[in-house]
Amino acid sequence: MVPSENDAMMGKSKLEELIALEGKKKKKKKKKQVATRRPACSWVYFSREFIREYSASHPESSGLKAATKAASDAWKSMSLEEKAKYTKRSREVWDNYLTTAPARAPKPRKQTNLVTRCSPGRLFNVLQRLTPDQMAAVRSMGFGSLLSLRCRTLRRSLCLWLLERFNTARCSLEICGERIPLSPKDVEMVMGLAASGKDVVNSGPDDLIVELRNSYNATNRGISVRLLEERLAAPEAGEEFKRSFILYALGTVLCPTARLDVSPSFLHFLTNMDTIHQYNWGKFLLDRLVREVSRFHQGKQRAVGGCLLFLQLFYYETVSLEGPGSMVPAHGLCLSSWGEEEISEREKRERELGGYGFGEVLCRESCLRIESSRCRAHLDSSQAGRMGTSSEPALGREGNQGCIVANPRLESPYKLETFALENCINYFDLNFHKVERDQMDGEIIMDETLPVYIGDKNVVVVCGDIEVVVESVRKACQNIEYGCKETLDYTKKSEHEENCMYSPCSCPLQECDFVGSSEQLSLHFSSKHWDSGRRFRYNCPQAISMEMNESFVVLQAEEDGILFLLNKGIETIGNTVMITCIRPSSSKEKFLYDLVSGRGITSLRLKSLTQNFPGRVEGFPPVDFLLIPFRFLNTTSGQLNVEICIWNSAELGSDCPALDLAIS
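Description of the structure in this document.

To continue, consider the packing of helix H13 (residues 308-318) against helix H15 (residues 340-353). Running from N to C, H13 and H15 cross one another at 65°; their axes reach a closest spacing of 12 Å. Here H15 runs roughly perpendicular to H13, going by the angle between their axes. Crossing handedness for the pair H13 and H15: left-handed. Along the contact surface, H13 presents Gln 312, Tyr 315 and Tyr 316, while H15 presents Ile 343, Arg 346, Glu 347 and Glu 350. Across the contact of H13 with H15, the residue classes tally to three nonpolar, one polar and three charged.

Put into structure tokens, the structure is as follows:
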């Protein structure tokens, strides 16, 4: 049979359609092949089983939608015991997935917009509404520097640039080709907060803060910032105002977290408001900043906590765009030096140079010279204003703050007669404002080439590169009640207290509120809580079992009584375990430890150095830890079994290769 012309045309058109269809298939993108699929959750295993049975017993149902709805209702009504079957199956599959699946390469962080809860503008608005009595209360707590806050907004592009160059392991900024270490003294220079005193411990027995938590309606998420704003709007300036102000300042500027609310753990050090001025706030602020930046670098949170305002102002103050001889705003405190106008001008100059990091890092000596020039400029302006009005005295007014007053009748070296060091206090690094004038008997060694101005009543005003000697003004270490017997002058007191071996440590047990030196704490625990811890010997492995509801176990060495904590945390796929030592954070001595958890022929191991904490460990500190999957738990008792071994660093010395490896 010979095909007709119509049949030929139809065959040709079908052939063209097939060719076009093949071309479309080739253009389709190939789906990305996934080597190992992520396992399902417990709900998926239940729903698959339920829908299969439901469809078989309800043939009249409308389809998958009705079956899924019935499965959802049944799942919600089930108890934890009924869900345990599917939860256990899901955990087993997850554990197998984690042990067999190849490690995923971490995705590079693509974040152009910074998310942070640090809001200086919010604190600025509250400060504008404070009454004179409330301002006096803020100064009495040692937070008077915040009253001079002028910066209302963060430059987020700068903060993100600094975060990318923040080395949390070394606590330093790596910018402009140099590594700039950060210390509590830098916090004092920028924020005006004390960089010496007792360590701020935001942990303790929960029973002591139950009433405070209730008064602030504290939930697991925290304390509402709006509630604090409402309380600060009241005119009273008593203890309640002080506590609310500290919480608000910490939650909005000084130590904000990744959440919107204020951490209720801050209430632990706010039970006694009379001791607030005794704390080392500079160290606390810096430690919290390092912790929050570390979590941000690890990708554990999108928002960045910590005082980013400190980083921003520190950069402005430390990096010069004009070289070492450039001038900065003539103020004594960085927090009051940088307002919106100064920052806008600085940002404009940064853009003209091509971005951040094109300046020159000022050395610490240059910073001191700048502080001296600020004092000299302040003096010049004060004297220029008084030359035309001889009726006003040259001294004794607030306009002369920042100068040192001496009597020319005294023999050289001149005896110090009075002080007005509000602005020069950071330059000399002395706490003169804490000492009564009649106790001062220091000396001023004055260069004859310095400018000397003579005003009324034969008084000489000296301002410039001067040396202050206050050897006769001595004070005992603040840790005297914990056993320290040192008596030091003000030039050495801060450095000593930062590294004092008698810095207070708190008892880790929740029902005990004992505070003392590490040696006192060791004796206290041995006598009062001898049955609440586990004793061990250095260099000897020991098996430890932790219950499901235990967050830590106290370990005490038999040789020297030093206390350690075996800490346990809970994550979505298992438990985190680490060992810390209860000692002052400034202590240099660390202990090498070995931590092993096993199940059958499988074992997990961590070898690291202990970090020092003055009490219980709250939250998730930036230290090494061992992640133990849930399948390693004892199936019958639910206990977590580990084997520990702690080596005495004094015995190991420098001959232990394992210790050298861990340190490097």
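A separate point is the pairing of strand S19 (residues 563-570). With seven of its eight residues buried, S19 lies for the most part within the structure. Connecting strand S18 (residues 552-557) to the next strand, S19, in antiparallel fashion are five residues, including Gly 561 with a positive phi near 75°. In terms of strand pairing, S19 meets strand S20 (residues 574-582) through seven bridges, oriented antiparallel. Residue pairing in the sheet places Asn 567 in a bridge with Met 578 of S20. Taking the residues between adjacent antiparallel strands as the criterion, S19 and S20 are bridged by three residues.

Before going further, it helps to examine the packing of aromatic side chains. In this structure the tally under the stated criterion is 25 aromatic pairs. Centre to centre, the rings of Phe 46 and Trp 75 are 5.2 Å apart; their planes meet at 40°, and the pair counts as tilted. Of the two residues, Phe 46 sits in helix H2 (residues 42-57) while Trp 75 sits in helix H3 (residues 64-77), which places them 29 residues apart along the sequence. Each member of the pair, Phe 46 as well as Trp 75, is classed as buried. Consider the rings of Trp 161 and Tyr 315, whose centres lie 5.8 Å apart with planes at 70°: the pair is edge-to-face. Pair noted here: Trp 161 is in helix H7 (residues 156-164) and Tyr 315 is in helix H13, with a separation of 154 residues, a long-range link. When its relative accessible area of 14% is taken as the criterion, Trp 161 is described as buried. Put simply, the rings of Trp 43, Phe 46, Phe 50, Tyr 54, Trp 75 and Tyr 86 touch in pairs and so form one group of aromatic residues. Sitting above the plane of the Phe 124 ring, Arg 152 keeps its charged end 5.3 Å from the centroid. Its end group placed over the ring of Tyr 216, Arg 231 keeps NZ or CZ at 4.6 Å from the ring centre.

All right, on to a positive patch on the surface then. Taken together, the side chains of Arg 37, Arg 48, Arg 52 and Arg 89 define a basic patch exposed on the protein surface. Mapped onto the secondary structure, Arg 89 falls in helix H4 (residues 80-100). Classification of Arg 89 by relative accessible area gives partly exposed; the value is 44%.

Thresholds applied
Residues numbered from 1 in each chain as written. Predicted model: local features only at pLDDT ≥ 70, side-chain atom pairs only at ≥ 80, totals over all residues. Heavy atoms only, no water. Axes fitted to C-alpha atoms, helices over the stretch in contact; angles between N-to-C directions. Helix = DSSP H or I, 4+ residues; strand = E, 2+ residues; numbered from the N terminus. Parallel < 35°, antiparallel > 145°, perpendicular 65-115°, else oblique. Left-handed = near helix turned anticlockwise from the far one by under 90°. Contact = heavy atoms within 4.5 Å. Nonpolar A, V, L, I, M, F, W, Y, C, P; charged D, E, K, R; others polar. Buried < 20%, exposed > 50% of the residue type's maximum accessible area, 1.4 Å probe, protein only. Pairing = 2+ DSSP bridges. Phe/Tyr/Trp six-rings, centres within 6.5 Å; stacked < 30°, edge-to-face > 60°. Lys NZ or Arg CZ within 6 Å of the ring centre and 35° of its normal. Patch = residues over 30% accessible without salt bridge, like charges linked within 9 Å, V, L, I, M, F, W, Y side chains within 5 Å. Areas by Shrake-Rupley, 256 points an atom, 1.4 Å probe, with all protein chains shown as cover. Salt bridge = Lys/Arg side-chain N within 4 Å of Asp/Glu carboxyl O. Lys, Arg positive; Asp, Glu negative; His and termini not counted. Charge placed at Lys NZ, Arg CZ, Asp CG, Glu CD.

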